[in-house]
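# A structural walkthrough
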Amino acid sequence: MGINEIIEISKPRIVVLLVITAVTSMYAASKLVTGASQLDYLDYLHIIVAGALASAGSSALNHYYDKDIDPKMSRTSSRPIPSGRMAASHVLLYGLAVSCISVIYGFFALNAISAFFIAVGIFSYVIIYTVWLKRRNTSNIVIGGIAGSAAAWAGWAAATGSMDLLGFLVGFLVFVWTPSHFWCLAMKIKDEYAQAEVPMLPVVIGMQKTSKFILGNTLILIPYSLLLVLIPDGLGIVYTVIASVSGGLMLVYHYKLTKTPTSEFAWKAYKVTAPYLTIIFVAVALDAAFHFPLI
Ligand code: HEM
Ligand SMILES: CC(C)=CCC/C(C)=C/CC/C(C)=C/COP(=O)(O)OP(=O)(O)O
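Being a predicted model, the structure only gives us computed values, none of them experimental.

## So, the site of ligand 1
In the region of ligand 1, 19 residues are neighbours, and Arg13, Arg75, His181, Tyr270 and Lys271 sit closest. Contact between ligand 1 and Arg13: an oxygen atom at 2.4 Å from a side-chain N or O atom of the residue. Arg75 is positioned such that a nitrogen or oxygen atom in its side chain is 2.8 Å from an oxygen atom of ligand 1. Secondary-structure elements contributing two or more residues to the shell around ligand 1 are helix 2 (12-32), helix 6 (140-144), helix 8 (165-188) and helix 13 (263-273). Tallying contributions element by element places helix 8 first for the shell around ligand 1, with six residues. Among the domains, domain 1 (1-162) and domain 2 (164-294) are the pair contributing at least three residues each to the shell around ligand 1.

## Concerning the domain arrangement of the chain
Segmentation of the chain into domains returns domain 1 (1-162) and domain 2 (164-294). Between the C-alpha centres of domain 1 and domain 2 there is a distance of 20 Å. Between domain 1 and domain 2, the contact holds 33 residues from the first and 35 residues from the second. Inspection of the domain 1/domain 2 interface yields nine residue pairs in polar contact (both at pLDDT 80 or more). At the level of elements, helix 2, helix 6 and helix 7 (146-160) are the ones that each hand at least two residues to the side of domain 1 that touches domain 2. In terms of residue class, the side of domain 1 that touches domain 2 is built from 16 nonpolar, 11 polar and six charged.

## Considerations on the packing of aromatic side chains
Summed over all chains, the structure comprises 12 aromatic pairs. Both rings, one in Phe107 and one in Phe108, keep their centres 5.1 Å apart while their planes meet at 85°; by these two values the pair is edge-to-face. On the basis of relative accessibility, which here comes to 66%, the residue Phe108 falls in the exposed class. Taking 6.1 Å as the distance between ring centres and 20° as the angle between the ring planes, the aromatic pair formed by Tyr125 and Tyr129 counts as stacked. Placement of both Tyr125 and Tyr129 in helix 5 (residues 112-133) is noted, with a separation of four residues, approximately one turn of the helix. Tyr129 carries the same exposure label as Tyr125, and that label is buried. An aromatic cluster of at least three residues, connected via ring pairs, comprises Phe116, Phe117, Trp153, Phe168, Phe172, Phe175 and Tyr224. Its guanidinium or amino end placed over the ring of Trp267, Lys188 lies 4.8 Å from that ring's centre, counting from NZ or CZ. We note Lys256 situated over the ring of Tyr253; from NZ or CZ to the ring centre the distance is 5.7 Å.

The rules behind these values
Residues numbered from 1 in each chain as written. Chains lettered and ligands numbered in written order. Predicted model: local features only at pLDDT ≥ 70, side-chain atom pairs only at ≥ 80, totals over all residues. Heavy atoms only, no water. Near = heavy atom within 4 Å. Polar contact = N/O pair within 3.5 Å; in protein donor to acceptor, adjacent residues only side chain to side chain. Helix = DSSP H or I, 4+ residues; strand = E, 2+ residues; numbered from the N terminus. Domains from an automatic or database assignment. Contact = heavy atoms within 4.5 Å. Nonpolar A, V, L, I, M, F, W, Y, C, P; charged D, E, K, R; others polar. Phe/Tyr/Trp six-rings, centres within 6.5 Å; stacked < 30°, edge-to-face > 60°. Buried < 20%, exposed > 50% of the residue type's maximum accessible area, 1.4 Å probe, protein only. Lys NZ or Arg CZ within 6 Å of the ring centre and 35° of its normal.

Okay, here's the thing in structure tokens:
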């Protein structure tokens, strides 16, 4: 067991995107919410540390719980536990310790509400998604997406000490984005999930119908993303332009996917739409910095 295994069980790419959603939400809240605290660099360091630890710890617990099915899928069979590079008990210990530290750190370095949302993220990823839904229910990833919203909510609450309508709707973007993100990937690795008996959507309803669900979800995601502009004291022109262009690009790929519901095109659609969440949260921060209300 070395540092490479620790990094691998922490799912670093997911940590990065999760921290981006938390930091951009925190910044936006500090600019858009009257009475929000003026933040300094230390505050951003705190949300980065708390969010990264929470994401890493919950991902390690996900590795631990999935130690029986990961060997059955080529994508996950070389991971630290299945490959014997790390003892399952060590992964469990690391996951529990780092997850607990993240909530305690958030409570003292940020505030109680932010720590609460960090705990919600860990609970929803590890218990609701990984333990309860993933192997039982085809809507697993839809409900599991709440985990990703929790990081953005934790960031917003870190700046305001509370939660408001705009903050909730901004965080909920991740929930609405998740099915479009993951079902593309699930189409590519459908056979592996079938082998591991995980009821991901394409395993249960097939590629063609899944591609229609992805398009349907994206047709919900795009108007939803623009709803954030229409609410009182909502987002402005900068966000509207970026959300419209990036959403439109995603829509084109997901429409094409319904015409070519293949594993190869699903991977292409996944790779193109993966940056969407980063773009949309950077757009929220840019809109807060250069705020020109649309209505
Ligand atoms: C329950 C909902 C979700 C499921 C089932 C899911 C599933 C996955 C899977 C299976 C992968 C491929 C991992 C690999 O083999 O390397 C992945 C990649 C990724 N996920 Fe998700 N994901 C979910 C939600 C999220 C959320 C909420 C975020 C961040 C806010 C996120 C960010 C990422 C990133 C950044 C990658 C790596 C993309 C790449 O390397 O191209 N995912 N996701
Ligand atoms: C605030 C906080 C801690 C939020 C947690 C959010 C979080 C880490 C979400 C990630 C969800 C995710 C990548 C699920 C994939 O698990 P999987 O088991 O389907 O993927 P795998 O098969 O690659 O292991």
